Amino acid sequence: MNQRKAEDLVRRLAAALRGTELYSPTHPLVQRGIDALSAAASEALAAAPSIVIAFIGDEVIVDAVRLPRGAATLVGFARDLRERDIEKVTFTRGLTRDELRGLIAALSERTSQTPLPDRLTARGIRHVTLGRVVIEEVSDDQTGIAAAQRIYGTAVETAETLWQAAKAGDQPDTGAARKIIDGLARLVTQDRTSLMALTALKKYDNYTFTHMVNVSALAMAQARALNVDGALLREFGFAALMHDIGKVHTPLEVLNKPDKLTKEEFDIMKRHVVDGAHILRRTPEMPALAPIVAFEHHLKQDLSGYPEKIGSRKLNLCTMIVSIADVFDALRSNRPYRQGLATARIRSIMGEQGNPAFNQTLLKRFVNLMGLFPVGNLVRLNTDEIAVVTAEHPTDPFRPQVKIIMDAKGDTVEEPLLANTWDRDSKGEHPRAVVEAVDPEPLGIDPLKYL
Ligand SMILES: [Fe+2]
Ligand SMILES: [Fe+2]
C-alpha cells in the first residue's frame, strides 16, 4: 500500500469514529463516513489479505508504511486509541461494512466496562482484531531502579498527554496528572536515589516532557527535605509539573530555536508565564498553587526577570523551589544549542555571588541535597578510571562509593569493581578520588545499568 492510501484509510477510520461521537447513528454524515471507510478498506484488502494499523507512540504505521508525523488529527487519534490500550487494529479479508459499523460503534462506547475485544466478539465482528498493550501495574512493594524507571516513564508519557491537551485547547486531565504525581511523590519519599538518577539522564530527546517530570521530581525532593509532606507535597509537585504549560502557545520556531532569540522572539517567549497562568486558572481541579507558580517562575528574588512591572509581591515558596529545579534541569539537559553541563559546573553557575535569581538558602540546601556527585552520575577518577556513583558518603560529598566500569586505558571492565573513595591505604592516603563528572552519552554508557 502506498503512503497516500495508507493515510487515507487511517483518516477515514478516525473520521468515522469522530462522526459517530458527534451525530446520532442514523445521521447521513455517519453513514457516509462508514461508507468511505468501507470503500478504502475493501480496496486495501483486495490487494492484501490483511492490513495492520499500528499505533506506536505518536506514530501511525500501516503495514510497513510509516505515516508522516505531525498530522494533528492522526496524532490525536493515535493517542486516543493508545489511551485505551489499543496498539494495533488488524483488518482481514472478508471484512464487511456491517463489521466496520460495529467496530466504530464499539469504539465510541467509551464508558463500557467490557473490554473492547470482547465487545467486538459479542457483535459478531470476526474480521477486525485489536492488539492490546499490557500495562504493568506498579505495586507499592516494587522498588529499585526498574520500578522507578517504570513510574518515571509513565510520568513522561502522561506529561505529553497533558501538554497535547492544553495545546489543543482542551483541559488537561488532572486525574491522570495526580496519578503520576502520587507515583513520583512516593519515589521522592521512598527511593529518592533512583528518582534523582533518572532525572540525571540526558539521553531523552523529548526534552519538553522530561523537563516537566524532572522539575516536578526535583521540586518535590526539595520540598520533602523541607519537611513538606502529604497533600501539600503533591500540590508542589503538580504546580512544578505544569510550570511551563503556557509554552503550548509559543511557536515552535521560537521554542526550538538553536540560536540566541532576538528581542521580538524573546518577547514572545516571555508570554508563556501569563499564558500558563491563564490555562491553569481555568482548569478545574488544578491546585491554586499551579497558576501562581506558572506566573512567577521566571521572576528573580528582586522581582527582575519577567513578567515585567508586576508591582511588589512576595514570591511563593513553591515558586522559589521550582525556579531552582527549572534552571538546574535546563542546564543539565542536552539541548539543540549545547550539551548538558556537569553538576559541578551548574553549581557554580547557579551559585554565582549575588545572583538574584534564586533564594540563596534554598539553593544551598538544594546543592547539599543533590550532592556533588549524585548517584547515577558517571565520574572520572584520579586513576583515569571511569566509574558510576552508586552511593553517597553520609557526610563527605566529595567521597562517594563508585563502581568502576572502565579502566585507565578506556577498556570496559568485565567485572565492575565496587570502590569506596573514602577508603585509605596503609599510608593513610586515598588511592582513589573522584576528579570530575563526565557525560555518559559520548561514551555510549547507560549508568543506570550498574545501579
Ligand atoms: Fe518557563
Ligand atoms: Fe521550565
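Residues numbered from 1 in each chain as written. Chains lettered and ligands numbered in written order. Predicted model: local features only at pLDDT ≥ 70, side-chain atom pairs only at ≥ 80, totals over all residues. Heavy atoms only, no water.

1. With respect to the coordination of the iron ion (ligand 2)
This is how the line gets drawn: Only N, O and S atoms count as donors, using a 2.8 Å cut-off from the metal and 3.2 Å for Na, K and Ca, and because water is excluded some sites may appear unfinished. In this scheme the shape depends on donor count and angles: four donors with every angle between 85 and 135 degrees give tetrahedral, four or six donors with opposite pairs above 155 degrees and others between 65 and 115 give square planar or octahedral in turn, and any other case is irregular. Note on classification: 1.4 Å probe, protein chains only; a residue is buried when its accessible area is under 20% of the maximum for its type, exposed when over 50%, partly exposed between these limits.
Those protein atoms acting as donors to the iron ion (ligand 2) are His211 (NE2), His243 (NE2), Asp244 (OD) and Asp326 (OD), and they sit at 2.1 to 2.4 Å. If you look at the iron ion (ligand 2), its four donor atoms make angles of 73 to 177° with each other, and the shape they trace is irregular. Expressed as a motif, the donor residue spacing for the iron ion (ligand 2) is H-x31-H-D-x81-D. Taken as a pair, the iron ion (ligand 2) and the iron ion (ligand 1) lie 3.8 Å from each other and share Asp244 as a ligand. Side by side, His243 and Asp244 carry an identical accessibility label, which is buried.

2. A few points about the coordination of the iron ion (ligand 1)
Looking at the iron ion (ligand 1), the protein donor atoms are Asp244 (OD), His272 (NE2), His297 (NE2) and His298 (NE2), and they sit 2.1 to 2.3 Å from it. One way to put it: the four donor atoms around the iron ion (ligand 1) meet at angles of 86 to 176°, and that makes the site irregular. Mapped onto the polypeptide sequence, the residues donating to the iron ion (ligand 1) form the spacing pattern D-x27-H-x24-H-H.

3. Observations concerning the pattern of salt bridges
Working definition: two side chains of opposite charge can pair if their charged atoms are close together. For clarity, the cut-off: Note on definitions: salt bridges are taken to be side-chain nitrogens of Lys or Arg within 4 Å of carboxyl oxygens of Asp or Glu. Labels follow the DSSP assignment, with helices taken as runs of H or I lasting at least four residues and strands as runs of E lasting at least two, numbered in each case from the N terminus.
Under the counting rule described, the total for this entry stands at 20 salt bridges. One salt bridge in this structure joins Arg110 and Glu21, with 2.5 Å as the shortest N-O distance. Of this pair, Arg110 sits in the loop between α4 (97-108) and α5 (116-122) while Glu21 sits in helix α1 (residues 3-22), and the two are 89 residues apart along the sequence. Since its relative accessible area comes to 36%, Glu21 is described here as partly exposed. The structure contains a network of salt bridges with shared partners spanning Glu21, Asp80, Arg84 and Arg110.

4. A few points about the sheet that holds strand β7 (residues 386-391)
To keep it simple, the criterion reads: Strand pairing follows a simple DSSP-based rule, namely that at least 2 bridges must link the two strands. Angular values range over 0 to 180 degrees, each being the angle between N-to-C directions of two axes fitted as lines to C-alpha atoms, with helices fitted over their stretch in contact.
Strand order in the open sheet formed by five strands is β9-β8-β7-β6-β10, with antiparallel pairing between adjacent strands. Where the open sheet ends on each side, the last strands, each with one partner, are β9 (412-420) and β10 (434-438). Strand after strand, the sheet turns through a mean of 35° between neighbouring axes, direction not considered. Bridge analysis of strand β6 (residues 378-381) against β10 gives four bridges, and the strand direction is antiparallel. Of the residues in β10, the one forming a bridge with Arg380 is Glu436.

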